[in-house]
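Structural overview for review
Below are the chains, spelled out letter by letter.
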Amino acid sequence: MLENVLDLIERQLSLSGIVATGLLFATAFGASLAAYLHVSKERSFEEFFEFAIPKEVILHPSAKADALFWITKKLMMPFLLIPAGVTFVFAVGFATKWTLMALFALDAPLLDGPASFGMVVVFTITMLLAYDLSYYLYHIAQHRFPILWELHKVHHSAQVMVGITKDRVHPLDELMNRLWDGVIPGICFGIWAVVQMNLTELTIFGINVYVIRNILMMDFVRHTHLRISFGPLNKLVLCPHWHQLHHSTNPRHYDKNFGLLFSFWDRWFGTLCVPKPDEKFEFGLIDKDVGDYQSLYGLYVLPLVKMGRQAGRSLRRVVRSSLSAERQS
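Structure report, in brief. (Residues numbered from 1 in each chain as written. Predicted model: local features only at pLDDT ≥ 70, side-chain atom pairs only at ≥ 80, totals over all residues. Heavy atoms only, no water.)

1. With respect to a positive patch on the surface
Together, Arg309, Arg313, Arg316, Arg317 and Arg320 make up a positively charged patch on the protein surface. The residue Arg317 is located in helix α13 (residues 296–328) in this model. (Patch = residues over 30% accessible without salt bridge, like charges linked within 9 Å, V, L, I, M, F, W, Y side chains within 5 Å. Areas by Shrake-Rupley, 256 points an atom, 1.4 Å probe, with all protein chains shown as cover. Salt bridge = Lys/Arg side-chain N within 4 Å of Asp/Glu carboxyl O. Lys, Arg positive; Asp, Glu negative; His and termini not counted. Charge placed at Lys NZ, Arg CZ, Asp CG, Glu CD. Helix = DSSP H or I, 4+ residues; strand = E, 2+ residues; numbered from the N terminus.)

In structure tokens, the structure reads:
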């Protein structure tokens with residue numbers, strides 16, 4: 001079963017890759033044009049390209065660091081052997097499935113035969129919600145636990161946003177995120193595997209639903225200077241402008257808008273902050289060493305050094321507490 005599902009996913013992704021890439025660029029261009037038409041009175045091609053690709057952003061040291069980091073990371077990733085998140089999802093999923101089947105003395109899934117269209121739709125929605133909740137919780141942990149924050153600071157150290165800033169994520173942070181992403185979605189997948197065998201997510205015109213999700217949430221666009229809002233849909237989907245607030249250096253915006261696709265997690269858990277229409281933000285960190293993160297050393301090595309210091313301090317506190325407890329006894 002696992003091999004069949006993996007083969008199906010691989011075929012879907014390979015067949016839809018070109019179409020998805022085209023849609024991604026079309027979305028980015030369309031968002032740039034919509035934002036330009038919204039703010040501009042005198043319209044020209046020259047002014048549009050200056051608006052969409054401003055020199056002060058593209059030539060900023062942070063943008064150059066993004067480009068170097070993106071290129072080197074793409075070159076390094078095959079050698080880092082970071083497995084796809086789907087691997088962990090299936091591992092946790094099958095462990096959940098066999099645990100539940102043993103617990104309830106089941107020999108086979110509850111439903112036989114191919115899944116109905118309605119079943120596939122419900123399965124797809126629940127898996128999307130599981131992934132989104134998983135991201136939200138891990139994102140909060142990245143901001144709350146100092147040792148995780150040292151890795152996540154790589155992403156927040158961008159002082160300008162240029163689209164590929166979305167990939168300004170430390171490889172170790174990416175690995176840990178994928179490991180965590182196997183837990184909640186994996187459990188959800190395992191429960192479904194007990195109900196119905198061989199369930200796979202819905203495809204739309206042959207495009208995998210997760211590719212559609214990435215296009216809808218405009219991950220590239222929301223890591224730019226384009227302040228795009230979805231209007232009434234903001235109550236459901238986290239628009240680019242709301243995510244850009246998450247990168248703001250304004251203390252009022254700290255630890256706000258953690259969501260990935262859906263905005264209701266932030267609303268339900270009290271972490272939502274709605275920006276004023278067309279509100280501008282200063283991006284980056286307020287740390288004194290923020291400039292150190294604009295180099296490959298600062299993006300790859302410095303976070304590991306700081307994590308080591310954090311771990312060392314934590315270990316010393318544990319040792320001191322243990323010794324103090326022994327003396328008192």
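2. A short note on the pattern of salt bridges
A side chain of one charge can pair with a side chain of the opposite charge when the charged atoms of the two come close. Under the criterion given, the structure shown has seven salt bridges. Put simply, Lys73 and Glu174 hold a salt bridge, and the shortest N to O gap is 2.8 Å. Linking Lys73 in helix α4 (residues 61–80) with Glu174 in helix α8 (residues 171–181), this pair joins segments that are 101 residues apart in sequence. Glu174 gets classed as buried once you look at its relative accessible area, which sits at 17%. Within the structure, one salt-bridge network assembled from shared partners comprises Lys73, Glu174 and Arg178. (Buried < 20%, exposed > 50% of the residue type's maximum accessible area, 1.4 Å probe, protein only.)

3. Considerations on the nonpolar core
One finds Tyr136, Met218, Val221, Ile228, Phe230, Phe262 and Trp265 to be the most contacted residues of the largest nonpolar core, which totals 16 residues. Among the secondary structure elements, those contributing two or more residues to this core are α6 (117–144) and α12 (264–268). With residues up to four places along the chain from it excluded, the contact list for Phe262 reads Leu128, Leu129, Asp132, Leu236, Val237 and Leu238. (Core = buried A, V, L, I, M, F, W, Y, C linked by side-chain atoms within 4.5 Å. Contact = heavy atoms within 4.5 Å.)

4. Notes on the side chain of Glu174
There is a polar contact of 2.8 Å between the side chain of Glu174 and the side chain of Lys73. There is a polar contact of 2.7 Å between the side chain of Glu174 and the side chain of Arg178. Excluding its chain neighbours within four sequence positions, the residues that come into contact with Glu174 are Lys73, Met77 and Val169. (Polar contact = N/O pair within 3.5 Å; in protein donor to acceptor, adjacent residues only side chain to side chain.)

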